[in-house]
Structure formats: structure tokens, C-alpha cells
Amino acid sequence: MKHVIEFHFAKPTYFDDAAICNVKVYLEIQIPELNSATLGILGDAYLLANAPDLTVRQPLGQLRSKKGPYEWPVNSLSECDRVGKKIIAILVSAGIPFCDQYSTIDSIIAGVESADARLPGGKPF
């Protein structure tokens, strides 16, 4: 199993957005044996969003008990430290516990079956 924290830095897409960049953070859980079994059943990586190595990939903001932002705007270089500290606090309070809770195939199955809102759900899950 592998845990990955993925950071995306994007220029704002709206002309009236004052941010110099928006930071998006995703947390991934990769369980190769589960992914291989799923790909074997489906037979087509396209049905796995063409990302057969990902088991779970969720925005950091979705992992909190109170849903938070999915991106954090940085309006000036002086805000980088403040935004970074917010992201780190959420990783510590929500991201790491999420990874600890969902560290096995059985725990992910139990989470989906119990409709944990932090996990992908609904059809086709």
C-alpha cells in the first residue's frame, strides 16, 4: 500500500479572481492487489478513470467532518506561509487519520458499505 499527497498549483480561471494561484490538495491511497483484481474483473482501465493504479483519490477538503474548501487561494506571496499552515493542519487532523482508517482492502470495503461520505460512493460504487 502507498499513500500519496498530491499538490496542484493552478492559475485562477476566472478573470475577476484576485488570487495569484489556487492550491488544490488530494490524498491518494494505492493498494496494488485491489487495483489488479478490479482491473481483472473490468478488463478496461478506462472504466477505472484510466488510472488503474489509484484505489482512492479524494480532495483534502472532503476528508474533514465539516466539509471545507477544495482549494486555497493565494492572493500574494506573503500569504504562502499562512495557506501552507492551514493545509498542514488539515493533513494532520483529517488526512492522516483517514489514511490510518483506510489502510486495508477490508477497511475500504467497510467504509464504502457504511456510506462514509469521505469515500467515493453511489453508482457504480
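Scroll up to find the structure this text is about.
If you're wondering where the values come from, they're calculated on a predicted model, not measured in any experiment.

About the criteria used
- Throughout this description, residue numbers start from 1 for each chain and increase along the sequence as written.
- Local features in this predicted model are restricted to residues of pLDDT 70 or higher, and side-chain atom pairs are both shown and tallied only at a pLDDT of 80 or more, whereas totals for entire chains, interfaces and linings draw on every residue.
- No hydrogens and no water enter the side-chain calculation; it runs on all heavy atoms of the structure.
- Strands here are runs of E lasting at least two residues and helices are runs of H or I lasting at least four, both read from the DSSP assignment and numbered beginning at the N terminus.
- When a carboxyl oxygen of Asp or Glu lies within 4 Å of a side-chain nitrogen of Lys or Arg, that pair is called a salt bridge.
- Exposure is judged per residue with a 1.4 Å probe applied to protein chains only, and the accessible area is read against the type maximum: over 50% gives exposed, under 20% gives buried, and values in between give partly exposed.
- When checking whether two residues touch, look at their non-hydrogen atoms; a contact exists if any pair is within 4.5 Å.
- Only buried residues count toward a nonpolar core. Its members are Ala, Val, Leu, Ile, Met, Phe, Trp, Tyr and Cys residues joined through side-chain atoms within 4.5 Å.
- By the convention used here, strands pair only if DSSP detects at least 2 bridges between them.

S.K.: Can you break down unusual backbone geometry residue by residue, with the values?
M.R.: Notably, Ala 115 is not glycine yet its phi reads approximately 60°, a positive angle. With respect to the helices and strands, the residue Ala 115 is situated in the segment after helix H3 (105–113).

S.K.: Give a detailed account of the pattern of salt bridges, specifying residues and quantitative values.
M.R.: For the structure on display, the rule yields 6 salt bridges. Among the salt bridges present, the one from Asp 116 reaches Arg 118, with a minimum N-O distance of 2.7 Å. Both residues of the pair, Asp 116 and Arg 118, belong to the buried class. Residues participating in the shared-partner salt-bridge network are Glu 6, Glu 28 and Arg 57.

S.K.: Give a detailed account of the side chain of Gln 62, specifying residues and quantitative values.
M.R.: With respect to the helices and strands, Gln 62 occurs in the loop between strand E3 (56–59) and strand E4 (71–74). Gln 62 gets classed as buried once you look at its relative accessible area, which sits at 16%. With residues near it in sequence (within four places) discarded, Gln 62 still touches Lys 67, Tyr 70, Ala 117 and Arg 118.

S.K.: Describe the side chain of Asp 116, naming the residues involved and giving the relevant values.
M.R.: Note on placement: Asp 116 falls in the segment after H3. Judged by relative accessible area, which is 16%, Asp 116 ranks as buried. Sequence-distant contacts of Asp 116, that is, excluding residues within four places in its chain, are made with Gln 101, Tyr 102 and Gly 111.

S.K.: So, the nonpolar core: which residues are in play, and what are the values?
M.R.: Soluble globular proteins tend to bury their nonpolar side chains together. In terms of nonpolar packing, the biggest core is built from 21 residues, with Leu 27, Ile 29, Leu 60, Trp 72, Ile 87 and Phe 98 touching the most fellow members. Of all the secondary structure elements, the ones that give two or more residues to this core are strand E2 (21–30), E4 and helix H2 (80–101). In terms of residues, this core owes the most to one element, H2, which gives 7 residues. Setting aside residues up to four positions removed in sequence, Ile 87 forms contacts with Phe 7, Val 23, Val 25, Leu 60 and Trp 72.

S.K.: Could you give an account of the pairing of E2, naming the residues involved and the relevant values?
M.R.: Judged by how many residues are buried, E2 sits mostly within the fold: 9 of 10 residues are covered. Bridge count between strand E1 (residues 2–10) and E2: 9 bridges; the pairing is antiparallel. By the bridge assignment for E2, Phe 7 is matched with Val 25. Examined bridge by bridge, E2 and E4 share 4 bridges and lie antiparallel to one another.

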